[in-house]
Amino acid sequence: MSISVGVGLSTEKDPILAAKEAVRMANLNIHNKRADLAICFSSVDLASSILIKTINISLGEHIPIIGCSGAAIICNQDICKHGVVVMLLNLPEGVHFNTACTKELAAKSSQGAGEELGQKLLYGFKGVRRDLSIMFCDGLIQEGSNLIHGLQEKLGRSFPLVGGSASDNLKFQKTYLYFNQEIFSDGACAILFGGKLNFGLGVKHGWKPLGKPRYVTKCSGNIVRAIDNTPAAQVYEEYFACNLTELRKKLKYISVLYPIGIYLPGEEEYLLRNLISIENDGSLVFQGNVPENSLIRLMIGTKESCLTATRQATDEAKKSGANNFVLVFDSISRYILLRREANRELKIIKEGVGKDTPVIGLYTYGEQAPLEAISYHGQTYFHNQTIVILTVGA
Amino acid sequence: MHNLDYIYNVAGGLLALLTIIYLILNLLFKMDKIKQLQTTTEKLKKSLEEMDEQAKLIVRTDIELNKTQEELDKKMSGLYALQRLSREISTTLEESQVFKMVSASHLQDLGFEKACGFLWGDHERRFFLHLNVGYMADEIEAIKSSVNLDKDLYLNLIQNEGSLSSISASSEAKIKNKINEIFSVKSFVISPILPKEGNKGFLFVGTENVEAALTEGDEELITILSNQIGQALENARLFEKTWRAQQELEKKVEERTHELTLALEEVKKISKRKTDFISSVSHELRTPLTSIKGYAAILIEEKLGAIPPAVKERLQKVNNHSNELVNMVNDLLDIARIESGKATMKMENQDLKNIIASVADLIMIQCKNKNIDLVLDIQNDIPCVLADRSHIERVFINLLGNAVKFTPQNGKITIKAYKKDKAVQIDISDTGIGMPPEALNMIFDEFYRIDNPINQQVKGTGLGLSLVKHIVEAHKGKIWVESNVGKGSTFSFTLPAN
């Protein structure tokens, strides 16, 4: 038995009309079979309470809904800067799942919130083999890595955890999460799958190291204070030939186009970290933790290297043979780098997984996926600039 | 033994010396290697530093490239948006719809998120808002009053036909800051809307985004957009004007048509009354006329006794005049019948050759009397016509009778018949006295007689040609005349070919 899938897209401007149309199309495409779970992504302009409530009511209020907002959404038809996509899943017997959420992270520790989420997910999962967890979190929280740590404390260090951080229209003001009939920020939500589920994963970015290797000599969590014993910002100041003030002005470009890469022995690619802000003492704040004493490089990406990575990730993901549906968490950086050629990336994915396989996804401010090398025991890390392609089947 | 010891000692000393030499040599060699390694490390370090310098160059170039690409993309999406918007605007023919075409998504593609459109009201002496994208109700109210408070600034723009933007106003920081404050934006473009017809105004677009640097290209795009809006407003106004004029014209035409219909009805009524009157009068006249004729005949035939020749002669005149009167009454009755549609036309296929031959026979005697040459020119394969034979014969007799009457001795009369389009045309030409141009329009009227010597001598009712016209028209044909005084006349008429 396989998972039956129905995807509905709407680009209507009105959230009510958009929600209704997307649900109607999804129901039509699942041939009106019973939906067990709905995954929903919307562009940030449609993200509203009325959107999720209309989806909730249109589906029948008992169906769990989970998802988040993005700068643009991805589905088989197109990449839409404005739209909502709903994926309905009809799970066969033997596949189990649970959904949960955690809110108001500002008031708790990220680690604690992750543990809370894990605890909630495990509810009712006793005696069932756990396979995979898919999570969505607010794209503007700074301690994404700690959230993952917390979740791993409960689900297992090597438990496959895949996900994306919600995004807005690059204003970095507010991102949204959907959980059942609710919309909220400053939180996370996740699905835990168990039973007879099969999945494949491709995680690649295509950014290449540039310049000489350097060591992180002083660091705490996601704040790098010194590189090669000099204030961390000096590296960027040297590379971009500008002072702190000018650097801050260019931060939008630097953040998405020139991250730092952490060298991970045994891994094919560097683990990327986006620069979020620069503190007055020259410390660099990254999106995700950077271990002290790690070897880092400045990274650069090109359209071609980016698309090659997509091709490799797709090939990797489809090795498992799972092909009932595909989820794509694609970094916003790639969207900005590829610009009008973003559709080429979608084309590569579609060609890779087969044009009839339902694909949905969104552009994210961060990606969560396990590392490949054996030495990391499949542990999930927080990524940037990365495309995560998850193929699922049963 | 002692010697042996000595030898051992010497050998031992030599060995130690050799070892020391070897060690020294080895040390020297190692030191050289270390030196070599140091040089290599230095070289590597230098290469690494050089590579890092190159990396810096690459990064700096790359960031510039990306910036340029972003600007280019922005321009391109702006151009696409402008093209889309222009197409939509240019097809709008309603003034109220022109501004509505500018949507938030168009603006976003142009790189802005806020827009206002104002048009100047000449009578009210203030600006009216026609477009609002991105402002809440209370914000736009504040903008409306601020704009009208500073109306001279915007009126100047309209008058000078120039745009104002964050770039062009950079020298006038005061104005720039004021506009930024009024419209709560970080950069803006204001461009006048200048339709040739009607009220002028201005388009404002702006963005709160500090990073979205405004370029001269943006200013140009917005100027093009405001020109398009101006053009569309002009078109819409012209269309409205034309449409109104057409509506008025249609109304007038309708009114006139109605009036004419009423007048026609009236004319028809009068004409019917006239026909009825003529018809009844003619009927009433016929009875006493028959009596007069009858009694005159009895008296002339002297059935009531002999009468003196002078009386007989007078009675003969009474009889003749009575006959003329009878003919006249008959003609009048015929005209009235045809006009009222009461005349029964026995429409049958008629061979014109045959009709013309028999009519020519009849008229031949009169022609011979005046030595007039009667020429028949009839197309060989002339088609049949659908007509009432007796009525068509009357047409020929009337026209030929007139021709003989007005053609002097030794003249010539030609009957020509031929197919023309879907009809058969008959021309009856004479070499008679002809008619003056002013008479041509009236000769088919009832009782109209041309004032000429012949008419003064020969009596006539003035009904002949009128009857002819009525008969031809009852056959769905046409009749007309061409004539030159002294040269002759040609009467032409058509009959539908069968």
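Reading the values: rules and limits
Residues numbered from 1 in each chain as written. Chains lettered and ligands numbered in written order. Predicted model: local features only at pLDDT ≥ 70, side-chain atom pairs only at ≥ 80, totals over all residues. Heavy atoms only, no water. Helix = DSSP H or I, 4+ residues; strand = E, 2+ residues; numbered from the N terminus. Buried < 20%, exposed > 50% of the residue type's maximum accessible area, 1.4 Å probe, protein only. Contact = heavy atoms within 4.5 Å. Areas by Shrake-Rupley, 256 points an atom, 1.4 Å probe, with all protein chains shown as cover. Core = buried A, V, L, I, M, F, W, Y, C linked by side-chain atoms within 4.5 Å. Axes fitted to C-alpha atoms, helices over the stretch in contact; angles between N-to-C directions. Left-handed = near helix turned anticlockwise from the far one by under 90°. Nonpolar A, V, L, I, M, F, W, Y, C, P; charged D, E, K, R; others polar. Buried area = accessible area lost by both parts, 1.4 Å probe. Salt bridge = Lys/Arg side-chain N within 4 Å of Asp/Glu carboxyl O. Pairing = 2+ DSSP bridges. Disulfide = S-S within 2.5 Å. Phe/Tyr/Trp six-rings, centres within 6.5 Å; stacked < 30°, edge-to-face > 60°. Lys NZ or Arg CZ within 6 Å of the ring centre and 35° of its normal.

Secondary structure assignment for chain B yields 13 helices and twelve strands. Of all 498 residues assigned to chain B, the portion counted as buried reaches 34%. When contacts within chain B are restricted to residue pairs at least 6 apart in sequence, long-range pairs at least 24 apart make up 68% of them. In the structure as shown, chain B presents an accessible area of about 30,100 Å², 57% of it carried by carbon and sulfur atoms.

By size, the foremost hydrophobic cluster in this structure holds 65 residues, and its most contacted members are Tyr236(A), Phe240(A) and Leu284(A). Those residues within four positions of Leu284(A) in sequence are excluded, and the remaining contacts are Asn222(A), Ile223(A), Val224(A), Ile227(A), Ala232(A), Ala233(A), Tyr236(A), Leu275(A), Ser277(A) and Ile278(A). Grouped together as the second largest cluster of nonpolar side chains are 46 residues, Leu332(B), Ile335(B), Leu352(B) and Leu440(B) included.

A word on the packing of helix α3 (residues 110-122) of chain A against helix α4 (residues 144-155) of chain A. All names here are of chain A. Orientation of α3 relative to α4, taken along the N-to-C sense of each, is 35°, at an axis distance of 6 Å. Here the hand of the crossing between α3 and α4 comes out right-handed. Residue-level inspection shows Ser110, Gln111, Ala113, Gly114, Glu115, Leu117, Gly118, Gln119, Leu121 and Leu122 of α3 in contact with α4, the latter providing Asn146, Leu147, His149, Gly150, Leu151, Glu153, Lys154 and Leu155. In the contact of α3 with α4, the residues fall into seven nonpolar, eight polar and three charged.

Taken together, the contacts link 19 residues of chain B with 23 residues of chain A. In total, chain B and chain A occlude about 2,100 Å² of area from one another, counting both sides; carbon and sulfur atoms represent 54% of this. Counting every contact that joins chain B to chain A gives three salt bridges. Between Lys56(B) and Glu238(A) there is a salt bridge; the shortest N-O distance is 3.2 Å. Here the side of chain B that touches chain A takes 17 residues from helix α1 (residues 2-90) of chain B, the largest share from any one element. Split into classes, the residues belonging to the side of chain B that touches chain A amount to seven nonpolar, two polar and ten charged.

What follows deals with the sheet that holds strand β21 (residues 325-331) of chain A. Residue and element names in this part refer to chain A. Strand order in the open sheet formed by six strands is β5-β4-β22-β21-β25-β13, and the pairing between neighbours is mixed. Strands with a single pairing partner mark the edges of an open sheet, and in this sheet they are β5 (79-80) and β13 (198-204). Direction of pairing for strand β4 (residues 73-75) relative to β5: antiparallel, over a ladder of two bridges. When the bridges of β5 are listed, Ile73 appears paired with Cys80.

What follows deals with the pairing of β13(A). Residues and elements named next belong to chain A. Of all seven residues in β13, five are buried; the element is thus mostly enclosed. Bridging between β13 and strand β25 (residues 387-393) involves seven bridges; their strand directions are antiparallel. In the strand pairing of β25, Gly200 is matched with Thr391.

A word on the state of the cysteines. Cysteine pairs can be covalently joined through their sulfur atoms, and such a bond is termed a disulfide. All names here are of chain A. Applying the stated criterion across every chain yields a total of zero disulfides over all chains. As a non-bridged cysteine, Cys80 has Cys75 as the owner of its nearest cysteine sulfur, 5.3 Å distant. The structure places no disulfide on Cys189, whose sulfur is separated from the nearest cysteine sulfur, that of Cys101, by 6.7 Å.

The subject of this paragraph is the pattern of salt bridges. For the coordinates displayed, the defined rule picks out 34 salt bridges over all chains. Two residues, Lys355(A) and Asp356(A), come together in a salt bridge whose shortest N-O distance is 4.0 Å. Here the two residues Lys355(A) and Asp356(A) agree in accessibility, since each one is exposed. In this structure, Lys144(B) and Glu141(B) form a salt bridge, with 3.1 Å as the shortest nitrogen-oxygen distance.

A full pass over the atoms with the stated rule returns 18 aromatic pairs over all chains. Note on Phe97(A) and Phe193(A): the rings are 6.4 Å apart at their centroids and 50° apart in plane angle, and the pair reads as tilted. Linking Phe97(A) in strand β7 (residues 95-102) with Phe193(A) in strand β12 (residues 188-195), this pair joins segments that are 96 residues apart in sequence. With a relative accessible area of 1%, Phe193(A) lands in the buried category. An angle of 65° between the planes, with centres 5.9 Å apart, marks the rings of Phe136(A) and Phe329(A) as edge-to-face. Within this pair, whereas Phe136(A) is found in strand β8 (residues 130-137), its partner Phe329(A) is found in strand β21, the two being separated by 193 residues in sequence. As far as burial versus exposure is concerned, Phe136(A) and Phe329(A) are alike and both buried. Three or more aromatic residues joined by ring pairs make a cluster, and in this case those are Phe118(B), Trp120(B), Phe127(B), Tyr154(B) and Phe202(B). Just above the ring of Phe159(A) sits the side chain of Arg130(A); from NZ or CZ to the centre is 6.0 Å. Between the NZ or CZ atom of Lys56(B) and the centre of the ring of Tyr239(A), over which it lies, the distance is 5.9 Å.

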